[in-house]
Amino acid sequence: MKNPINHVINFVSPNAKIGENVKIWHFAYVGENSSIGNNVMIGSLTHVDYGVKIGNNCRIEGSVYIPPLTEIGNDVFIGPGATFTNDPYPMSKKMIGVIVDDGVIIGGRSVFKPGVKIGKNSVIAMASVVTRDVPPNVVVMGHPARVKYSREEYDIKKDNWNS
């Protein structure tokens, strides 16, 4: 007897542009006209909606939601369960995406207000609520997220932890 369950693992739109060496894990969705660069990992249960742009060498963990109009640069890490939004007044007719510059690290369960820009090499601490633009090379945390220290201090703390 044939198994009556349809074993669809992922949905990747036929017109999505997928770079080389991209790994998409179980039950992920990649929508129409999205563009994913080279050497990208997309975790299980992640939803990359239509028209999203993701650069090269990114790692997007599981259960992340990335709505239309979101742009993610190169060398970005996004922790599990992060949520980007694009509708400042749901359900409005006009939307605006979140822009994430190169080298950004985003902790798990962080949430982003529509239209914010995350500056190059910044770090968003886990579970932060980002309601305004984040300058480059800083660490933000909290509800709402506020600058706590520099990326340089973060790298020193990370190096100390690893040694």
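What comes next concerns the included structure. (Residues numbered from 1 in each chain as written. Predicted model: local features only at pLDDT ≥ 70, side-chain atom pairs only at ≥ 80, totals over all residues. Heavy atoms only, no water.)

**Notes on the overall build of the chain**
For the record, the criterion: Put simply, DSSP marks the helices as runs of H or I at least four residues long and the strands as runs of E at least two long, and each gets a number from the N terminus on. Between the two quantities, the radius of gyration covers C-alpha atoms and the globule rule is 2.2 Å times the number of residues to the power 0.38. Only protein chains enter the accessibility calculation, which uses a 1.4 Å probe; a residue is then buried when its area is under 20% of its type maximum, exposed when over 50%, and partly exposed in between. Whether two residues touch is decided by their heavy atoms; if any such pair falls within 4.5 Å, the residues are in contact. Each accessible area is a Shrake-Rupley estimate made with a 1.4 Å probe; only the visible protein chains count as cover when residues are assessed.
Summing up its helical and strand segments, the chain has one helix and 21 strands in all. The globule rule puts the C-alpha radius of gyration for 163 residues at 15 Å, and the 17 Å found for the chain is close to it. Across its three principal axes, the chain shows a C-alpha extent of roughly 60 × 45 × 25 Å. For the chain, the proportion of its 163 residues judged to be buried stands at 40%. Nonlocal contacts in the chain, meaning residues at least 24 apart in sequence, comprise 15% of its contacts between residues at least 6 apart. Split by element, the accessible area of the chain, about 9,400 Å² in all, is 56% carbon and sulfur.

**Describing the sheet that holds strand β2 (residues 17-18)**
For clarity, the cut-off: Only strands that DSSP links by at least two bridges are regarded as paired with each other.
With parallel pairing, six strands are arranged side by side in an open sheet as β2-β5-β8-β11-β14-β17. The strands lining the two open edges of the sheet, one partner per strand, are β2 and β17 (117-118). In the sheet, β2 pairs with strand β5 (residues 35-36) via two bridges, with the strands oriented parallel. Bridge assignment links lysine 17 to a residue of β5, and that residue is serine 35.

**Focus: the sheet that holds strand β6 (residues 41-42)**
With mixed pairing, eight strands are arranged side by side in an open sheet as β3-β6-β9-β12-β15-β18-β20-β21. The open sheet terminates on both sides in strands that have one partner only, identified here as β3 (23-24) and β21 (146-150). Of the strand pairs in this sheet, β3 and β6 are connected by two bridges, and their pairing is parallel. Paired with isoleucine 24 across the two strands is isoleucine 42, which belongs to β6.

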